[in-house]
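Fold and contact review
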2 protein chains.
Amino acid sequence: MRAEALKGHLDGLLLAALEDGPQHGYAVKEALRDATDGKIDLPTGTVYPALHRLEQAGLIKGSWSVVGGRRRRTYELTEKGRRSLAGARDHWQEFAAVMSAALGGGPWPVTN
Amino acid sequence: MRAEALKGHLDGLLLAALEDGPQHGYAVKEALRDATDGKIDLPTGTVYPALHRLEQAGLIKGSWSVVGGRRRRTYELTEKGRRSLAGARDHWQEFAAVMSAALGGGPWPVTN
DNA sequence: TCGCTATAGGTAGCAATCCTACATATAGGA
DNA sequence: TCCTATATGTAGGATTGCTACCTATAGCGA
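As named in an unreviewed UniProt entry, chain A is PadR family transcriptional regulator, taken from Microbispora corallina.

Pasting the structure below:
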């Protein structure tokens, strides 16, 4: 998976990973990796700053805890985050449709 | 259309616009706009540097001409460019599938 | 003639984003 | 004791698309 491909689409993925309940950063990273057959395996230097950004923007809310002697920061979606996730899904649909139209080679070949 | 969404996907679009024959930069910009219902309306400050990048990379080849008193730089795909376009389509397919899987909300709702 | 728009090309510098590389710390197995 | 997995974090770099600006011609309307 080319690195630049993800640019601008990461926030939605992180929000989606938090949709089914609060998670800490490392778990989000693993959830995304497992959901995509390992194709999206984000480095921690991507995940943590991105989560900080989302928290800064008020889309998620974090809280510290200690589990098994390790400190954890658990994040959960805010109402704003839920709306943002819905928007991200809409935007993705539109973007994917437009890209497929402009890139050509059939609208939705889905050869995999 | 969110601006950052395009990042990393522009090159493929430009190559696709040149697939059916040589075009000059301004025509590429218009072709992309028309093919997407105006949803991808690139500023010239995006198109020209991107074409320069593609030429630098050997994916397209440009040549000057004068039409109607205006100088034009006409670009055409190289063999390398054709291969790159095919690769871009494959990558897009994979990326779209992975994104849809991770973003959730159904695999291909295509509500538009 | 003057001004505006469309066509056609271009650059400089900014902002955003993701990555690499590194640092810290605990738990547990070899 | 060392290594790996878990868990979080930062600094700095590279890439990329955009904003804002510049130059120039053709053609139309006032």
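1. So, the nonpolar core
The tendency in soluble globular proteins is for nonpolar side chains to be buried side by side. Counting 58 residues, the largest nonpolar core has Leu-14 and Trp-92 of chain A together with Leu-14 and Trp-92 of chain B as the members making the most contacts within it. Non-local contacts of Leu-14 of chain A, meaning those with residues more than four positions away in its chain, are made with Val-28, Leu-32, Leu-42, Ala-50, Leu-51 and Leu-54 of chain A.

2. Concerning helix α3 (residues 44–56) of chain A
All names here are of chain A. Across its 13 residues, α3 extends 18 Å between first and last C-alpha, which sits within 8% of the 18 Å expected from 1.5 Å per residue. Buried within α3 we find Val-47, Ala-50, Leu-51 and Leu-54. Taken down its axis, α3 places every buried residue within 105° of arc, on the same side. Exposed and facing more than 90 degrees away from the buried side of α3 are Gly-45 and Gln-56. Summarising the contacts, the buried residues of α3 are in contact with α1 (10–17), α2 (25–35), β2 (60–67) and β3 (70–77). The positive-phi residue at the C-terminal boundary of α3 is Gly-58, with phi of around 80°.

3. Quick word on the protein's contact with DNA strand C
Lining the immediate environment of DNA strand C, one finds 28 residues, of which Lys-7, Gly-8 and Thr-46 of chain A together with Tyr-26 and Arg-72 of chain B sit closest. Each atom of DNA strand C within 4 Å of the protein was assigned to sugar, phosphate or base; sugar and phosphate come to 66%. The contact in question runs from a phosphate oxygen of DNA strand C to an N or O atom on the backbone of Gly-8 of chain A, over 2.8 Å. Between DNA strand C and Arg-53 of chain A there is a distance of 2.9 Å, counted from a phosphate oxygen to a side-chain nitrogen or oxygen.

4. As for the packing of aromatic side chains
All chains considered together, the criterion is met by 5 aromatic pairs over all chains. Arranged with centres 6.0 Å apart and planes meeting at 50°, the rings of Trp-92 of chain A and Phe-95 of chain A form a pair that is tilted. Taken together, the residues Trp-92 of chain A and Phe-95 of chain A, both in helix α4 (residues 79–103) and 3 residues apart, mark about one turn of the helix. Summarising the burial analysis for this pair, Trp-92 of chain A and Phe-95 of chain A share the class buried. Taking 5.8 Å as the distance between ring centres and 80° as the angle between the ring planes, the aromatic pair formed by Phe-95 of chain A and Trp-92 of chain B counts as edge-to-face. Linking Phe-95 of chain A in helix α4 with Trp-92 of chain B in helix α4 (residues 79–103), this pair reaches from one chain into another. When its relative accessible area of 1% is taken as the criterion, Phe-95 of chain A is described as buried. Each residue in the set Trp-92 and Phe-95 of chain A together with Trp-92 and Phe-95 of chain B is aromatic and connected to the rest through ring pairs, giving one cluster.

5. Some details on the protein's contact with DNA strand D
For DNA strand D, the set of nearby residues contains 27 residues, the closest of which are Tyr-26 and Arg-72 of chain A together with Gly-8, Thr-46 and Arg-53 of chain B. A share of 66% of the atoms of DNA strand D within 4 Å of the protein falls on sugar and phosphate groups. Here a phosphate oxygen of DNA strand D and a backbone polar atom of Gly-25 of chain A are 3.4 Å apart. Counting only elements with at least two residues in the surface near DNA strand D, the list comes to α2, α3 and β3 of chain A together with α3 (44–56) of chain B. No other element matches α3 of chain A, which puts 5 residues into the surface near DNA strand D.

So, how was this worked out
- Residues numbered from 1 in each chain as written.
- Chains lettered and ligands numbered in written order.
- Predicted model: local features only at pLDDT ≥ 70, side-chain atom pairs only at ≥ 80, totals over all residues.
- Heavy atoms only, no water.
- Core = buried A, V, L, I, M, F, W, Y, C linked by side-chain atoms within 4.5 Å.
- Buried < 20%, exposed > 50% of the residue type's maximum accessible area, 1.4 Å probe, protein only.
- Contact = heavy atoms within 4.5 Å.
- Helix = DSSP H or I, 4+ residues; strand = E, 2+ residues; numbered from the N terminus.
- Expected span 1.5 Å × (residues − 1).
- Arc of directions from axis to C-beta.
- Near = heavy atom within 4 Å.
- Polar contact = N/O pair within 3.5 Å; in protein donor to acceptor, adjacent residues only side chain to side chain.
- Phe/Tyr/Trp six-rings, centres within 6.5 Å; stacked < 30°, edge-to-face > 60°.

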